[in-house]
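Breakdown of the fold
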Amino acid sequence: MPGWGWALLVVFMIVAVALGLIHAFRRFRHMGFMVGALGNAVSRRFERMSTEKAPKRTNEPPLYTQPLEMAQERYARAYAQKLERNERKEERHRATWLAWLDFNN
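Described in the following lines is the structure provided in the data block. Keep in mind that this is a model prediction, so the values were computed, not measured.

Things to note about the pattern of salt bridges
Applying the stated rule across the entire model yields 1 salt bridge. Close ionic contact of Glu91 with Arg94 constitutes a salt bridge, the shortest N to O distance being 2.5 Å. Here Arg94 and Glu91 lie together in helix H2 (residues 68–103), a separation of 3 residues that amounts to about one turn. On the basis of relative accessible area, Arg94 is assigned to the partly exposed category, the value being 44%.

This is the structure in structure tokens:
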């Protein structure tokens, strides 16, 4: 092979290695941002868990000794809280899926 052929191969090799390094740098940088966001989310949740206090117990008589309307009200409140929790959970899942869809782009 003539000398210019080898020079051309070396140039192509250097360009390919440079492009590979650039691609790896961009991927690692993006991964660093994702790991940082994950760390922030985890620390926020741990902080929230450490600051929230357990619900206070009241000295109410047992529910079966109270009027039925009281039980219905408590059930309605608990069910509303459950729906709110499910809504927040679905929103978190939606945000996670959107982040995953965008991860490899």
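Once the structure has been displayed, the description carries forward.
A look at a nonpolar patch on the surface
A cluster of nonpolar residues, Val10, Met13, Ile14, Val17 and Leu21, forms a patch on the protein surface that exposes about 480 Å² of accessible area. With respect to the element layout, Leu21 can be found in helix H1 (residues 3–51).

Some words on the packing of aromatic side chains
Tallied over the entire structure, the rule returns 2 aromatic pairs. Ring centres of Tyr75 and Tyr79 lie 6.1 Å apart, and the angle between their planes is 10 degrees; this geometry places the pair in the stacked category. Separated by 4 residues within a single helix, Tyr75 and Tyr79 lie in helix H2, roughly one turn from each other. By relative accessible area, Tyr75 is classed as exposed at 59%. According to the relative accessible area criterion, Tyr79 is partly exposed, its value standing at 41%. Look at Trp97 and Trp100: their rings are 5.2 Å apart centre to centre, the planes differ by 75 degrees, and that puts the pair in the edge-to-face class. A residue pair is termed a helical-turn pair when its members lie 3 or 4 positions apart in one helix, as Trp97 and Trp100 do in helix H2 at 3 residues. There is no split in this pair, since Trp97 and Trp100 are both exposed.

Scoring rules and cut-offs
- Residues numbered from 1 in each chain as written.
- Predicted model: local features only at pLDDT ≥ 70, side-chain atom pairs only at ≥ 80, totals over all residues.
- Heavy atoms only, no water.
- Salt bridge = Lys/Arg side-chain N within 4 Å of Asp/Glu carboxyl O.
- Helix = DSSP H or I, 4+ residues; strand = E, 2+ residues; numbered from the N terminus.
- Buried < 20%, exposed > 50% of the residue type's maximum accessible area, 1.4 Å probe, protein only.
- Patch = residues over 30% accessible without salt bridge, like charges linked within 9 Å, V, L, I, M, F, W, Y side chains within 5 Å.
- Areas by Shrake-Rupley, 256 points an atom, 1.4 Å probe, with all protein chains shown as cover.
- Phe/Tyr/Trp six-rings, centres within 6.5 Å; stacked < 30°, edge-to-face > 60°.

The values reported here are purely geometric and, on their own, carry no functional implication.
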